[in-house]
Each structure stands twice: as structure tokens, then as C-alpha cells.
Amino acid sequence: MGSSPTAPIQTAPVATSIAPVMDTYGRYPLALSRGRGVWLWDDQGRRYLDMVAGIAVCTLGHSDPVLQRRLCRQLGRLQHVSNLYRIPEQEALAAAITARSCTDRVFFCNSGAEANEAAIKLARKHGHQVRGIADPLILTAEASFHGRTLAAVTATGQPKYHQGFEPMVSGFRYFPYNDTAAFEALLASCEADGPRVAAVLLEPIQGEGGVHPGDPAFFRRVRELCDAHRILLIFDEVQIGVGRSGHWWGYEQLGVEPDALTMAKGLGGGIPIGALAVKATADHFRPGDHASTFGGNPFACRAGLTVIEEIERRGLLEKVGANGALLQSLLQELVARHPDRLAGERGWGLLRGLVLREGGPTAAEIVKAAMAEGLLLVPAGPGVVRFVPPLVIRPRQLRKAVKRLEKALHSLA
């Protein structure tokens, strides 16, 4: 039963027999109340070093003063208008993205899943319009993650995310990530009786699937085959894009350009925004093909512009490269000190995974123990602990984070 129109709005948790928030998350018993830079405080006043950043979202950290000023100013002017009209902030952000990438045009939405939904629709239109396919296929990788909407979760090559939501959307096939032979075999099988494949959708580095970096040789071969068959190559850069690798985009680590790429998370620095950016050759959408009520509104685009401007003004790409190398070294040293529990580390820039040995503590157990030491981390599956801190983090804070992680490991002995 809904609340009365005159019922007061509650600003604090209400003790009821049934919680009003749906039970879709396995939440930790932690209520965060404020943040500054790379630090967060809970409602009891305890401070935490944040290596999660809202899962790769808070690019400039928490309560960044420049972002605050720009957004307050924007709210004083205009926060939202319909895409029925030109939006100067949207045009400026699209220009900023295309100037820093291999793309030419941008569609804005509100999240990574929505960006990937747009990419899936674009791929199907490409299949119909360019390849003449009546029933197009999209090839994605096993252990991938592309979002929670029905088509995006179908694109996700992890059956655990499909359970309970069948039937999944038709038109997807999967192959092992970084496996050139398997990809070539699947493509040949799909195309045996004529054109069937519209697009290949890949993460340059798999985040949720365990922090697996892409193999440049594999990606070069995929690019060659896509070119030969006029198949779109789409990169999901939702987690690694916007500077987290030490470059603007993950594809720069691979030396392979996509026809289209998706982004979200770090683009708005905590304000919801997503985007699909495409090369001119893949610009298939026409008026009426796709839309988003909130996508690209002035407020969200001001956030995106501020993030991009501040990354450049503060030299964060170079700092991410240096700090990523430091974090890699610190984690390698930690692995050397705990070889019975830790198997290695992997990743790019400030997206790094600490790989655990089987039989030892799980990622969830380590994350919980680290929380008790004032450190926030996030799992990437049961066997990998993930580091995705704000890009403004400093070397001494990375050292502090690894020291706290080591204390957490000792507490689990």
C-alpha cells in the first residue's frame, strides 16, 4: 500500500518489520554519511580509505570542490531540458569526447547498461542495413559483464546473471576471452551459411569478470576479421574509460581502435551519465531510432565536462600511470610476503585485481576484514579483490591501503 500524500518524508532509516528498500543488494552493515577526497565517514564517525570510488565512479574523489562549484552554478542556470531542443552543454561534452577519442559522434544516456543497450541496437541496425542480415548475431566474451537490463545481461557471458530471468534475449553467442582460435572458430561457424554476425562486443579489460586485461594480439586479430566481414567492433569502456587505465580509453592500451565505444561510471564523477560514441562509419541512428529522457541533460553534461577538464588540468593521466605502477609494485610485494594465500595481481592503471589462491579466504571475506581496518575494497568474483580508487589518490594513500589490507589478511589467519 502506498503512503498517504500528506505523510512526511522520512530522512533517516525507519525501523519496520519489512524494509522499504527492495532486497536486491547484499549490503554490508555500513552507512556512509560524508566524504572528502579519498576518505569516507560512516554514521558513527569512523573514517575509511576508499579504494572503491562507488565502483570506479568517483573520478575526482568525494565532494570535490571544483565539481561542487560547477554543479551549483549549473543548477542556478538550468538542470534539465528535453532533447527536443539543442543543449549547449551536451554539444560541448560530445566535442570533448570525440576530440580525445577515435570517435566522431556521441549519444548520451544515464548508465553503462543503457549505453550498452544503445550499442546493441546500433549493432542490430548495422546488421540489417550494412550486412543485410535478417536475424543478426552479436558475439561477446565469456566472463564479460555488460549491465543488468535484459539485453545487456544477455550479452554478459556469465550464466549466474541469467538465472531466474529466462528466456534471455536472442541473438548472442559467446567465446572465451583472449582466445583467438575459439573466436575464429565461432565466427566461421556463425558465418558458414552467409552473413550472420553484426558486431563483436568486448571489454578491453574485464572488470567484474576478474580484472583480466585484453591481449593485444587477440584484439588485433578480432579487428582484422571485423574489417574483413564489415562487422562492428564495439568496446565496453564503462569501467576502464575516462582515464582509469592511465590513458583516456582502454583501447589505447591495446593499439586497436573500435568502431564504437560505451562509457559511463567515471564520466560524471558521481552524477549519472552514460554515452555511446561512434565513428562516422558506424553512425547509423536517425531521428526516432533511439532516445533518452534524461540523457545528456545540462546538469549531467556539466559534470562530464568538469571531470574531463579537471583530469587534464591536474595531470591525472600521468599520475594514474605512475600510481598504477606503484600499486602494482605494492601488490606484488604483498603477494611475495603471502604466497600461501595470494596468487598474483593484474590490471591496468588504477583498475587492479589481487588474485587469491583457492582454499584461502575469499574476496568477500577479505573485503569484510579490510572494512574492519578502515579500508574499502570490492570483489571481482570470489577469487579477486579489486582496487578502483579515485584517480586523485596519492602514493602515500596507496601505501596506507596496502598496509591496511595486510592487517586484514593477518586478522584472517
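So, here is what we can say about the structure in this document. Here the structure is a predicted model, which means the values were calculated and not measured.

**A closer look at the overall build of the protein**
Okay, so step 1: Each helix and strand in the protein was counted, giving 12 helices and 17 strands.
Okay, so step 2: Taking 2.2 N^0.38 as the reference for a compact globule, 413 residues should give roughly 22 Å; the C-alpha atoms of the protein span a radius of gyration of 22 Å, in line with that estimate.
Okay, so step 3: Along the first, second and third principal axes, the C-alpha set of the protein runs to 60 × 55 × 50 Å.
Okay, so step 4: The buried share of the protein, reckoned over its 413 residues, is 54%.
Okay, so step 5: For the protein, long-range pairs separated by at least 24 residues make up 72% of all intrachain contacts whose partners lie at least 6 apart in sequence.
Okay, so step 6: One finds the centroid of the 46 positive side-chain charges in the protein at a distance of 8 Å from the centroid of its 40 negative side-chain charges.

**A few points about the packing of helix H10 (residues 316-337) against helix H12 (residues 395-411)**
Okay, so step 1: Between H10 and H12, the shortest axis-to-axis distance is 10 Å and the interhelical angle comes to 25°. Here H10 is positioned roughly parallel relative to H12, judged by the angle of their axes. Our pair here, H10 against H12, has a crossing hand that is right-handed. Packed against H10, whose contacting residues are Asn323, Leu326, Leu327, Leu330, Leu331, Leu334 and Arg337, the element H12 presents Pro395, Leu398, Arg399, Val402, Leu405, Glu406 and Leu409 at the interface.
Okay, so step 2: Here the contact of H10 with H12 is built from residues that sort into 10 nonpolar, one polar and three charged.

**A word on the pairing of strand S12 (residues 274-278)**
Okay, so step 1: Most of S12 is tucked away, with five of its five residues classed as buried.
Okay, so step 2: Residues of S12 alternate between two faces, with Gly274, Leu276 and Val278 on one and Ala275 and Ala277 on the opposite face, all of them buried.
Okay, so step 3: Examined bridge by bridge, strand S4 (residues 105-109) and S12 share five bridges and lie antiparallel to one another. Paired with Cys109 across the two strands is Gly274, which belongs to S12.
Okay, so step 4: Note: strand S11 (residues 260-263) against S12, four bridges, orientation antiparallel. If you follow Met263 over to S12, its bridge partner there is Ala275.

**Some details on a positive patch on the surface**
Okay, so step 1: Where like charges cluster on the molecular surface, the positive patch consists of Arg47, Lys319, Arg394, Arg396, Arg399, Lys400, Lys403 and Lys407.
Okay, so step 2: Sorting elements by how many residues they give to the positive patch places H12 first, with five residues.
Okay, so step 3: With respect to the secondary-structure elements, Arg396 resides in helix H12.
Okay, so step 4: Relative accessible area serves as the criterion here: at 55%, Arg396 is assigned to the exposed category.

**Things to note about the sheet that holds strand S6 (residues 172-175)**
Okay, so step 1: Within the open sheet, the seven strands sit side by side as S4-S12-S11-S10-S7-S5-S6. Their pairing is mixed. If you trace the sheet from one side to the other, it starts and ends with S4 and S6, each paired once. The sheet shows a mean angle of 20° between the axes of neighbouring strands, direction not considered.

**What to know about the packing of helix H2 (residues 65-75) against helix H9 (residues 298-313)**
Okay, so step 1: For the pair H2 and H9, the least separation of the axes is 10 Å and the interaxial angle reads 150°. The angle between the axes of H2 and H9 places the two elements in the roughly antiparallel class. Note on packing geometry: the crossing formed by H2 with H9 is right-handed. Of the residues in H9, those in contact with Val66, Leu67, Arg70, Leu71, Gln74 and Leu75 of H2 are Pro298, Phe299, Arg302, Ala303, Thr306, Glu309, Glu310 and Arg313.
Okay, so step 2: Looking at side-chain class alone, the contact of H2 with H9 contains seven nonpolar, two polar and five charged residues.

**Brief notes about the side chain of Asn110**
Okay, so step 1: Along the chain, Asn110 turns up in the loop between S4 and helix H4 (112-129).
Okay, so step 2: Side chain to side chain, Asn110 and Ser292 meet in a polar contact 3.2 Å long.
Okay, so step 3: Aside from chain neighbours lying at most four places away, what touches Asn110 is Pro272, Ile273, Gly274, Ser292, Phe294 and Gly295.

**With respect to the nonpolar core**
Okay, so step 1: By size, the foremost hydrophobic cluster in this structure holds 96 residues, and its most contacted members are Val200 and Leu202.
Okay, so step 2: Among the elements that make up this core, the one with the highest residue count is H10 (nine residues).
Okay, so step 3: Look past the residues within four positions of Leu202 in its chain and what remains in contact with it is Ala141, Phe175, Tyr177, Phe218, Phe219, Val222, Leu233, Ile234, Phe235 and Asp236.
Okay, so step 4: Among the nonpolar cores identified, the runner-up in size contains 21 residues, and Phe107, Cys109, Leu232 and Ala260 belong to it.

**Quick word on unusual backbone geometry**
Okay, so step 1: Between Glu166 and the following residue, Pro167, the backbone shows a cis peptide bond with an omega angle of 0°.
Okay, so step 2: Looking at the element boundaries, Pro167 is found in the loop between helix H5 (150-155) and S6.
Okay, so step 3: Non-glycine residue Val211 carries a positive phi angle of around 55°.
Okay, so step 4: Residue position: Val211 is located in the loop between strand S8 (205-206) and strand S9 (212-213).
Okay, so step 5: Judged by its relative accessible area of 0%, Val211 is buried.
Okay, so step 6: For Arg230, which is not glycine, the phi torsion reads 60° and is therefore positive.
Okay, so step 7: Along the chain, the position of Arg230 falls in the loop between helix H7 (216-229) and strand S10 (232-236).

**Quick notes on the state of the cysteines**
Here, the word disulfide means a covalent bond between the sulfur atoms of two cysteines.
Okay, so step 1: Applying the stated rule across the entire model yields zero disulfides.
Okay, so step 2: Cysteine Cys190 remains unbridged, with the sulfur of Cys226 as its closest cysteine sulfur at 12 Å.
Okay, so step 3: Cys301 takes part in no disulfide bond, and the closest cysteine sulfur to it belongs to Cys109, at a distance of 11 Å.
Okay, so step 4: With relative accessibility at 0%, the residue Cys301 sits in the buried group.

**Some remarks on H4**
Okay, so step 1: Taking 1.5 Å as the rise per residue, H4 with 18 residues should run 26 Å; its terminal C-alpha atoms sit 25 Å apart, in good agreement.
Okay, so step 2: Every buried residue of H4 is accounted for by Gly112, Ala113, Ala115, Asn116, Ala118, Ala119, Ile120, Leu122, Ala123, His126 and Gly127.
Okay, so step 3: The opening residue of H4, the one whose side-chain oxygen lies 3.2 Å from the backbone nitrogen of Glu114, is Ser111.

What counts as what
- Residues numbered from 1 in each chain as written.
- Predicted model: local features only at pLDDT ≥ 70, side-chain atom pairs only at ≥ 80, totals over all residues.
- Heavy atoms only, no water.
- Helix = DSSP H or I, 4+ residues; strand = E, 2+ residues; numbered from the N terminus.
- Rg over C-alpha atoms; globule rule 2.2 N^0.38 Å.
- Buried < 20%, exposed > 50% of the residue type's maximum accessible area, 1.4 Å probe, protein only.
- Contact = heavy atoms within 4.5 Å.
- Lys, Arg positive; Asp, Glu negative; His and termini not counted.
- Charge placed at Lys NZ, Arg CZ, Asp CG, Glu CD.
- Axes fitted to C-alpha atoms, helices over the stretch in contact; angles between N-to-C directions.
- Parallel < 35°, antiparallel > 145°, perpendicular 65-115°, else oblique.
- Left-handed = near helix turned anticlockwise from the far one by under 90°.
- Nonpolar A, V, L, I, M, F, W, Y, C, P; charged D, E, K, R; others polar.
- Pairing = 2+ DSSP bridges.
- Patch = residues over 30% accessible without salt bridge, like charges linked within 9 Å, V, L, I, M, F, W, Y side chains within 5 Å.
- Areas by Shrake-Rupley, 256 points an atom, 1.4 Å probe, with all protein chains shown as cover.
- Salt bridge = Lys/Arg side-chain N within 4 Å of Asp/Glu carboxyl O.
- Polar contact = N/O pair within 3.5 Å; in protein donor to acceptor, adjacent residues only side chain to side chain.
- Core = buried A, V, L, I, M, F, W, Y, C linked by side-chain atoms within 4.5 Å.
- Disulfide = S-S within 2.5 Å.
- Expected span 1.5 Å × (residues − 1).

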